[in-house]
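# Examination of the molecular architecture
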Amino acid sequence: KKKGKWGIIALVVALIVAVGSCGGEDTDAETVTLEAESVVEVETTTEEEVETEVVTEVVVETQIEVVETEADDNLTMGQKNALREAKSYLDYSSFSHSGLIKQLEYEGYSNEDATFGADNCGADWNEQALRSAKSYLDFSAFSYSGLIKQLEYEGYTNEQAVYGADNCQADWNEQAVKSAESYLEFSAFSKDELIGQLEYEGYTTEQAEYAVTQLGY
């Protein structure tokens, strides 16, 4: 009898363990399902955030356009035309701020409208100086200091002129050679005279001596 009782108890325990194992599998399945649902919710939220960002960008762009339109409405006809013409000049040539004002005044704009056009055309005057520097070097030779003086003569500030000369990538030795050749096309020079002329034009002694050596002195 004792052996039969323990056999029944063992069977009951085995059934409980089996049921517990089945229950555990259901719980794990439910956990996986919940985790999957959580991922879907996160992805959905991310898409909504992206849509919100796109809408925000559109709203900001629209607001900018409205502001620009309102600003244009507040301009006089002279200001509008001076601004358009200033931008047009800068599309095909380089100007200093003061040079652009003079050009606009030459075209008949008042000083006020011409100044407005130059002030609001969006030009980077350092880059304009650099463009002018490269343009000068395309048709003539300059020393470093001579190029700065030429840019200042055209209305650029000293800082803008220095920026142009510093960044134009000129070989100042070769510029000295070109200047020396140009002098010799119109007149005869001794070695010392040619060096002196080159130094007068702003070349260093080393650059001047390099030039005369290259020309066979």
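Values in this document were obtained by computation on a predicted structure and should not be read as measured data.

## Comments concerning the overall build of the protein
The helix and strand tally for the protein stands at ten helices and zero strands. Counting from the amino terminus, helix and strand elements in the protein follow one another as α-α-α-α-α-α-α-α-α-α. Across the protein, every contact between residues at least 6 apart in sequence was considered, and the portion connecting residues at least 24 apart equals 59%. Taken as a whole, the protein presents about 14700 Å² of accessible surface, with 53% of it coming from carbon and sulfur.

## Digging into helix H10 (residues 205–214)
All of the buried residues along H10 are Gln207, Ala208, Ala211 and Val212. Projection of H10 onto a plane perpendicular to its axis shows the buried side chains occupying an angular sector of 130 degrees, all on one side. Buried-residue contacts for H10 involve helix H8 (172–186) and helix H9 (191–200). Once H10 finishes, Gly216 follows within two positions and takes phi at roughly 95 degrees, a positive value.

## Focus on the packing of H9 against H10
Between H9 and H10, whose axes approach to 9 Å, the crossing angle comes to 135 degrees. Viewed along their axes, H9 and H10 adopt a mutual orientation that is oblique. Here H9 runs over H10; the crossing is right-handed. Counting all contacts with H9, which are made through Lys191, Leu194, Ile195, Leu198 and Glu199, the residues of H10 involved are Thr205, Ala208, Glu209, Ala211 and Val212.

## Quick look at the side chain of Gln175
As for its position among the elements, Gln175 is in helix H8. On the basis of relative accessible area, Gln175 is assigned to the buried category, the value being 8%. Not counting the four nearest positions on each side in its chain, Gln175 is found in contact with Leu137, Ser140, Ala141, Phe142, Ala170 and Tyr203.

## Some remarks on a negative patch on the surface
Residues Asp171, Glu174, Glu181 and Glu185 make up a contiguous surface patch of negative charge. Considering the arrangement of structural elements, one finds Glu185 in helix H8. For Glu185, a relative accessible area of 64% gives the class exposed.

## A word on helix H2 (residues 77–92)
With 16 residues, H2 extends 24 Å from end C-alpha to end C-alpha; this agrees with the ideal 22 Å at 1.5 Å per step. Restricting attention to buried positions, one finds in H2 the residues Gln79, Ala82, Leu83, Ala86, Tyr89 and Leu90. Each buried residue of H2 sits inside an arc of 125 degrees when the element is viewed along its axis, so together they form one side. For H2, the exposed residues lying more than 90 degrees away from the buried face are Met77, Arg84, Asp91 and Tyr92. Contacts from the buried residues of H2 go to helix H3 (97–106), helix H4 (111–120) and helix H5 (125–139).

## A word on the packing of aromatic side chains
The tally for this structure, following the rule as stated, stands at six aromatic pairs. Ring centres of Tyr89 and Tyr92 lie 6.2 Å apart, and the angle between their planes is 75 degrees; on these two criteria the pair is classed as edge-to-face. On the criterion of helical spacing, the pair formed by Tyr89 and Tyr92 is a turn pair, its members being three residues apart in helix H2. Note on Tyr92: relative accessible area 57%, which makes it exposed. Between Tyr89 and Phe95 the ring centres are 5.8 Å apart and the planes differ by 50 degrees, which places this aromatic pair in the tilted class. In this pair, the class of Tyr89 matches that of Phe95, namely buried. Among the aromatic side chains, those forming a connected cluster through ring pairs are Tyr89, Tyr92 and Phe95.

## A look at the confidence of the model for the protein
Per-residue confidence for the protein gives a mean pLDDT of 80, with 67% of residues at or over 70. A low-confidence stretch, residues 1–45 stays under pLDDT 50, and its non-local contacts, those more than four residues away or across chains, total zero contacts. Throughout residues 58–70 the model reports pLDDT below 50, and contacts reaching past four residues in sequence, or to other chains, amount to zero contacts.

Rules behind the numbers
Residues numbered from 1 in each chain as written. Predicted model: local features only at pLDDT ≥ 70, side-chain atom pairs only at ≥ 80, totals over all residues. Heavy atoms only, no water. Helix = DSSP H or I, 4+ residues; strand = E, 2+ residues; numbered from the N terminus. Contact = heavy atoms within 4.5 Å. Areas by Shrake-Rupley, 256 points an atom, 1.4 Å probe, with all protein chains shown as cover. Buried < 20%, exposed > 50% of the residue type's maximum accessible area, 1.4 Å probe, protein only. Arc of directions from axis to C-beta. Axes fitted to C-alpha atoms, helices over the stretch in contact; angles between N-to-C directions. Parallel < 35°, antiparallel > 145°, perpendicular 65-115°, else oblique. Left-handed = near helix turned anticlockwise from the far one by under 90°. Patch = residues over 30% accessible without salt bridge, like charges linked within 9 Å, V, L, I, M, F, W, Y side chains within 5 Å. Salt bridge = Lys/Arg side-chain N within 4 Å of Asp/Glu carboxyl O. Lys, Arg positive; Asp, Glu negative; His and termini not counted. Charge placed at Lys NZ, Arg CZ, Asp CG, Glu CD. Expected span 1.5 Å × (residues − 1). Phe/Tyr/Trp six-rings, centres within 6.5 Å; stacked < 30°, edge-to-face > 60°. pLDDT = per-residue confidence, 0-100.

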